[in-house]
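Chain residues, written in single-letter form:
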Amino acid sequence: QVQLLESGGGLVQAGGSLTLSCAASGSIFKIDAMGWYRQAPGMQRELVASTSSDGTTYCADSVKGRCTISRDNAKNTVYLQMSTLEPEDTAVYYCYADLMLSGGYYYNYYWGQGTQVTVSS
């Protein structure tokens, strides 16, 4: 019913930048929060950045100053721009959306399939 399609991952040199995109599609009535988690090998999944429907944004301390999250509500798309990338940013990045389906009554989290970001030193 709902698909979150991510793009923009890949191999980047340390000090470089990238932009991840995630578009939500399907039987969506309304989206509240959208954002990104990441999971490095052997580590727990951690929240990287999020944006709410009222425009509030958040970037984790580990990426603060290097992170910009934005959203196009007309396209149900969220973007994550990261600069000055470090090898420690290497992880699988997962998009999520807290949304209500058409005809639904509750908000639920939906996830993308993940996109690999590798930062080489």
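Going by the structure above, here's the rest.
So, here is what we can say about the structure in this document. Keep in mind that this is a model prediction, so the values were computed, not measured. (Residues numbered from 1 in each chain as written. Predicted model: local features only at pLDDT ≥ 70, side-chain atom pairs only at ≥ 80, totals over all residues. Heavy atoms only, no water.)

1. What about the sheet that holds strand E1 (residues 2-7)?
To keep things clear, this is the line we draw: Pairing between two strands is assigned when DSSP locates at least 2 bridges connecting them. Comment: elements are numbered from the N terminus, with helices defined as DSSP H or I runs of at least four residues and strands as E runs of at least two. Only the stretch in contact is used when a helix axis is fitted, and all axes are lines through C-alpha atoms; the angle between N-to-C directions ranges over 0 to 180 degrees.
Read across the sheet, 4 strands follow the order E1-E3-E8-E7 without closing on themselves; strand pairing throughout is antiparallel. The open sheet has two free edges, formed respectively by E1 and strand E7 (67-72), since each of these has just one partner strand. The sheet shows a mean angle of 15° between the axes of neighbouring strands, taken without regard to direction. As judged from the 6 bridges shared by E7 and strand E8 (residues 77-82), these two strands associate in the antiparallel manner. Each residue of the ladder has a partner; that of Thr68, found in E8, is Gln81.

2. Thoughts on the pattern of salt bridges
The cut-off we apply is this: Each reported salt bridge corresponds to a side-chain nitrogen of Lys or Arg within 4 Å of a carboxyl oxygen of Asp or Glu. Any residue under 20% of the maximum accessible area for its type is buried, any over 50% is exposed, and the rest in between are partly exposed; the area is computed with a 1.4 Å probe on protein chains only.
In the structure shown here, the tally under the stated rule is 5 salt bridges. For Asp89, the salt bridge goes to Arg38, with nearest N and O atoms at 2.9 Å. Residue Asp89 is found in the loop between E8 and strand E9 (91-101), and its partner Arg38 is found in strand E4 (residues 28-39); the two are separated by 51 residues along the sequence. Summarising the burial analysis for this pair, Asp89 and Arg38 share the class buried. A salt bridge links Asp61 to Lys64, with the shortest nitrogen-to-oxygen separation between them at 3.3 Å. The two residues Asp61 and Lys64 agree in class, both being exposed. Where salt bridges share partners, they join Arg38, Glu46, Arg66, Glu86 and Asp89 into one cluster.

In short, the description is geometric, and any link to function would need to be established separately.
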